[in-house]
Amino acid sequence: MTSLQARFRMAHAGGGPWEGLVESCLDRLGPAGQARLGFLYMTDALAGDAAAILDTLGAATGVADWVGTLGFGVCVGGREYFDRPALAVLLADLPEDDYRLLPTVREPGAPLPGGVADWVARRRPLLGVVHGDPRNPRLGGLIESVCEATGCFLVGGLTASRGPMLQIAGGITEGGLSGVLLAGDVGATTGLSQGCAPIGAIHDVTEARDNLIYRLNGRPALDVFKEDIGEVLARDLERVGGYIHAALPIAGSDQGDYLVRNVMGIDPANGRLAIGARLAPGDRLMFVRRDGPSAFADLERMSGDVARRAGGARGAGLYFSCVARGPNLFGRKSEELGAIADGIGRGVPLVGFFANGEISNNRLYGYTGVLTLLG
């Protein structure tokens with residue numbers, strides 16, 4: 001364990017009643033020491049017990065400031081928990097003035113609470129770890145406005161739950177975006193890995209209305225789509241569902257980043273496509289496929305790149321992955337988290353969750369993995 005890693009303590013447990021899971025985590029954590037901030041991720045099977053879990057952990061550790069949320073699965077160093085009660089805890093020994101909790105913000109442009117705004121002006125934070133409620137229809141604009149108001153690079157994800165959509169920011173909350181802001185004294189290195197691979201060129205949208213695409217490059221959109229996906233799939237368009245997606249390239253990205261959106265419908269009679277985003281003439285679009293081998297290679301590339309850029313500043317890690325990844329893309333033996341652990345080092349404590357959408361900087365992604373190393 002490095003001196004940086006000594007500032008962080010991690011524990012995790014899965015299976016059984018919540019009381020036993022919390023007890024197991026407390027045993028693994030040992031004395032909390034000077035830790036002030038805690039990250040807590042739980043599978044949605046524990047939604048009904050979230051308040052009791054938070055209260056018990058706070059009382060036992062003395063940690064008052066907690067952030068986290070629910071996911072279909074939780075991530076820890078080298079391991080994934082799915083389809084059973086599980087929780088992951090990371091305690092951080094940070095100076096009191098090096099972070100501020102971000103209470104729930106529900107409307108784009110809403111002012112930050114006074115104490116947070118004053119701290120932001122004074123400390124100029126660089127990183128925000130945030131969790132969002134997928135039911136909020138203005139979440140995209142909310143992410144952008146919080147990013148602008150704080151000046152932070154945001155990382156995180158949307159709650160994934162078959163029941164209550166709970167986040168933690170001090171206490172239990174919901175309905176918007178919440179989390180924690182970290183000052184520049186807390187080093188951070190981030191990276192994003194795509195879960196899809198491009199299958200054709202980038203096209204110009206020449207005719208579209210809302211989420212309906214009429215023409216690409218001046219031609220019927222469906223004709224361009226069929227050319228990109230190939231003759232075999234073009235003969236049986238029912239096979240493209242969940243496999244072929246639309247992607248919106250991010251202007252100015254030096255990493256070739258793009259936002260993946262679902263293909264919602266195909267109109268063979270009129271040559272139109274419907275996707276999960278609003279487009280207008282002049283926008284750009286390409287098509288991608290969900291590809292396990294390509295996604296795994298990109299995952300290894302990303303985790304190695306983040307580790308290289310972080311150098312020795314690898315105190316702890318946070319990882320937010322799409323619910324469509326993990327066992328649904330890479331296999332049921334924790335292959336995704338195993339690759340992350342190999343990339344950043346098996347001794348680096350790491351927690352996170354499988355989300356309903358991933359946040360990187362000021363954008364909401366899908367089918368991606370977002371990794372952050374704290375130093």
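Everything here concerns the structure above.
Residues numbered from 1 in each chain as written. Predicted model: local features only at pLDDT ≥ 70, side-chain atom pairs only at ≥ 80, totals over all residues. Heavy atoms only, no water.

### Thoughts on the packing of aromatic side chains
So, point 1. Summed over the entire model, instances satisfying the criterion amount to 6 aromatic pairs.
So, point 2. One aromatic cluster is present, built from ring pairs that chain together Tyr-41, Phe-320 and Phe-353. (Phe/Tyr/Trp six-rings, centres within 6.5 Å; stacked < 30°, edge-to-face > 60°.)

### Re the layout of surface pockets
So, point 1. What the second largest pocket holds in volume is close to 360 Å³.
So, point 2. In terms of lining, the second largest pocket is formed by 21 residues, of which the most central are Arg-261, Asn-356, Gly-357, Leu-364 and Tyr-365.
So, point 3. Elements represented by at least two residues in the lining of the second largest pocket include exactly helix H4 (139-150), strand S19 (258-267) and strand S25 (363-365).
So, point 4. Residue contributions to the lining of the second largest pocket peak at 4 residues, all from S19.
So, point 5. Across the lining of the second largest pocket, the residue classes break down as 11 nonpolar, 7 polar and 3 charged. (1 Å grid on protein atoms, 1.4 Å probe; cavity = no way out; pocket = protein on both sides within 12 Å on 5 of 7 lines; lining within 4 Å. Points joined across faces, edges and corners; volume = space filled by probe spheres on them. Helix = DSSP H or I, 4+ residues; strand = E, 2+ residues; numbered from the N terminus. Nonpolar A, V, L, I, M, F, W, Y, C, P; charged D, E, K, R; others polar.)

### A closer look at empty space enclosed by the protein
So, point 1. Under the criterion given, the structure shown has 1 cavity of 30 Å³ or more.
So, point 2. Lining the largest cavity are Val-76, Gly-77, Gly-78, Leu-337, Ile-340, Ala-341, Ile-344, Gly-345, Arg-346, Val-348 and Leu-350.
So, point 3. In terms of residue class, the lining of the largest cavity is built from 7 nonpolar, 3 polar and 1 charged.

### Concerning unusual backbone geometry
So, point 1. Look at Asp-83: it is not a glycine, yet its phi comes out positive at around 60°.
So, point 2. For Asp-83, the location among the structural elements is in the loop between strand S5 (79-82) and strand S6 (86-92).
So, point 3. Classification of Asp-83 as exposed rests on a relative accessible area of 55%. (Buried < 20%, exposed > 50% of the residue type's maximum accessible area, 1.4 Å probe, protein only.)

### Some thoughts on the packing of helix H7 (residues 292-310) against helix H8 (residues 335-344)
When two helices pack together, their arrangement is captured by the angle between the axes and the distance separating the axes.
So, point 1. Contact geometry for H7 and H8: axes closest at 8 Å, N-to-C directions at 30°. Considering the angle they form, H7 stands roughly parallel to H8. Crossing of H7 over H8 shows right-handed handedness. Contacts between H7 and H8 involve Phe-296, Leu-299, Glu-300, Met-302, Ser-303 and Ala-307 from the first element and Glu-335, Glu-336, Ala-339, Ile-340, Gly-343 and Ile-344 from the second.
So, point 2. Each residue belonging to the contact of H7 with H8 can be placed in one class, and the counts come to 7 nonpolar, 2 polar and 3 charged. (Axes fitted to C-alpha atoms, helices over the stretch in contact; angles between N-to-C directions. Parallel < 35°, antiparallel > 145°, perpendicular 65-115°, else oblique. Left-handed = near helix turned anticlockwise from the far one by under 90°. Contact = heavy atoms within 4.5 Å.)

### Observations regarding the pairing of S19
So, point 1. Where strand S18 (residues 244-249) lies against S19, 5 bridges are found, and the strand directions are antiparallel. Each bridged residue has a counterpart across the sheet, and for Pro-249 the counterpart in S19 is Tyr-258.
So, point 2. Relative to strand S20 (residues 272-275), S19 runs antiparallel, the two sharing 4 bridges. Across the sheet, Gly-265 pairs through a bridge with Ala-274, a residue of S20.
So, point 3. Joining the antiparallel neighbours S19 and S20 is a turn of 4 residues, in which Gly-271 adopts a positive phi near 70°. (Pairing = 2+ DSSP bridges.)

### Notes on the sheet that holds S6
So, point 1. Reading across the sheet, the 6 strands line up as S1-S6-S2-S3-S10-S11 and stay open at both edges, with mixed pairing between neighbours. At either end of the open sheet lies a strand with only one pairing partner, and these are strand S1 (8-14) and strand S11 (171-173). Pairs of neighbouring strands in the sheet enclose a mean axial angle of 15°, with direction left out of account.
So, point 2. Relative to S11, strand S10 (residues 167-169) runs antiparallel, the two sharing 3 bridges. Paired with Gln-167 across the strands is Thr-173, a residue of S11.
So, point 3. Relative to S1, helix H1 (residues 18-29) is tilted by about 150°, and along the sheet it contacts S1 and S6.

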